[in-house]
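Below are the chains, spelled out letter by letter.
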Amino acid sequence: MDTASGAGELDLRPDDLPDGLVVADQRGLVTCFNAEAARLTGGEPDAALGRPIEDVLPLEDLDGRRWWRITDPYHGLATRSGQPERNLLLPGGREVLVSARYVRTRPGGPVRRLVVTLRGTDARKRTERSNAELIATVAHELRSPLTSVKGFTATMLDKWERFTDEQKRLMLQTVDGDADRVTRLITELLDVSRIDSGRLEIRRQPVRLDEAVRRHVEALVNGGCPADRFDLRVAGPLPGLWADPDKIDQVLVNLLENAVRHGAGTVTIEMDRVPPGRTRQEGMSVTVSDEGPGIPEEAMHRVFTRFWRGSDRGGTGLGLYIVKGIVEAHGGTVTVGRSAGGGARFRFILPAGTPAFLS
């Protein structure tokens, strides 16, 4: 099946395309100007047809130079097949992403058709803003512990003999804690980078999820949380889990610390077996809920995005984004809702089961 017959069977029309499409003939006159091109440029399709393409698309580069004069598709080098995508300006300063294809009668021959595609820059600008926000967040989060480390080390080096052993121990403990904070931030950034690029490595092995939960609860209690603040409920024998223990620890730490720091009342951890559905294998669920103020309904769809912190939350705002990335890399799902006590309720489900050779 050739391209033309395939397009005919699909009944594909220029206005169906998500990008702007402008086509000019061998004379440079516009023969196609689709609806998205009209939206991006503010022009009218009927008014564009039959006019020179340089008049319909009076594009300039970011230095103010006329793009058609620079590229000269009809009289330029005969070896060129088109122009790569780049940022150009429409009248009024609106940016668009433009690429072009030169369709020639034969290799090295004259241009028979000029095909130009247009895209808005909103998605790229959102990405750029997100990256700028990431840099700003990192700079802010690093500044505080590094300032503390520098201050204490400079003071100890300058006045070591004046401090008692207890004072030295206190300052070194502070430096050690700030170093841990920097290490956690760097780990978060690496995880975000791997999640964004699809390169998050999962090194699976047998995991006892109930034991992992108990271990992290015990660590929080040893860190000063009252033991009676936690209510662990395990519903019967749980299936085996084939997962990355370090990554699962990250998920549990994020959800438990989130409930302790930003929630209130009892933190309830429920673990249960999820029976297989029509298209899903058996799974295991973990639910972490608290009795705090909860998350506003209008904000729930943003909880797992980068930098979401809520109105009174500190930190980088990357923890729940990483939770979602890790759970989905395991083939699972994670959701947020409201608990029976009115607080936040996070639930993640992971596929259960272990490889046959471990059975």
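Data block above holds the structure.
Now for a description of the structure that goes with this document. In this text the structure is predicted, and so the values were computed from the model without any measurement.

### Quick notes on the sheet that holds strand S10 (residues 283–289)
Step number 1: Across the sheet, which stays open at both edges, the five strands sit in the order S7-S9-S10-S12-S11 with mixed pairing between neighbours. A single partner strand is all that each edge strand has here, and the edge strands are strand S7 (230–234) and strand S11 (333–338). Adjacent strand axes in the sheet meet at a mean angle of 15 degrees when their direction is disregarded.
Step number 2: Relative to strand S9 (residues 267–274), S7 runs parallel, the two being bridged by five bridges. If you follow Arg233 over to S9, its bridge partner there is Glu270.
Step number 3: Here helix H9 (residues 245–262) sits on the sheet in contact with S7, S9, S10 and strand S12 (344–351), set at roughly 170 degrees to S12.

### Points about the nonpolar core
Step number 1: Counting residues in each nonpolar core, the largest one holds 48 residues, and the members touching the most others are Ile269, Ile295, Phe346 and Phe348.
Step number 2: Per-element accounting of this core gives the leading share, seven residues, to H9.
Step number 3: With residues up to four places along the chain from it excluded, the contact list for Phe346 reads Leu255, Asn258, Val286, Thr287, Val288, Ile295, Val303, Phe304, Leu320, Thr335 and Val336.

### Quick notes on the packing of aromatic side chains
Step number 1: Tallied over the entire structure, the rule returns two aromatic pairs.
Step number 2: Considering the side-chain rings of Phe304 and Phe346, the 6.0 Å spacing of their centres and the 80 degrees angle between planes classify their relative orientation as edge-to-face. Pair noted here: Phe304 is in the loop between S10 and helix H10 (319–329) and Phe346 is in strand S12, with a separation of 42 residues, a long-range link. Comparing Phe304 with Phe346, the two get one shared label, buried.

Rules used throughout
- Residues numbered from 1 in each chain as written.
- Predicted model: local features only at pLDDT ≥ 70, side-chain atom pairs only at ≥ 80, totals over all residues.
- Heavy atoms only, no water.
- Pairing = 2+ DSSP bridges.
- Helix = DSSP H or I, 4+ residues; strand = E, 2+ residues; numbered from the N terminus.
- Axes fitted to C-alpha atoms, helices over the stretch in contact; angles between N-to-C directions.
- Contact = heavy atoms within 4.5 Å.
- Core = buried A, V, L, I, M, F, W, Y, C linked by side-chain atoms within 4.5 Å.
- Buried < 20%, exposed > 50% of the residue type's maximum accessible area, 1.4 Å probe, protein only.
- Phe/Tyr/Trp six-rings, centres within 6.5 Å; stacked < 30°, edge-to-face > 60°.

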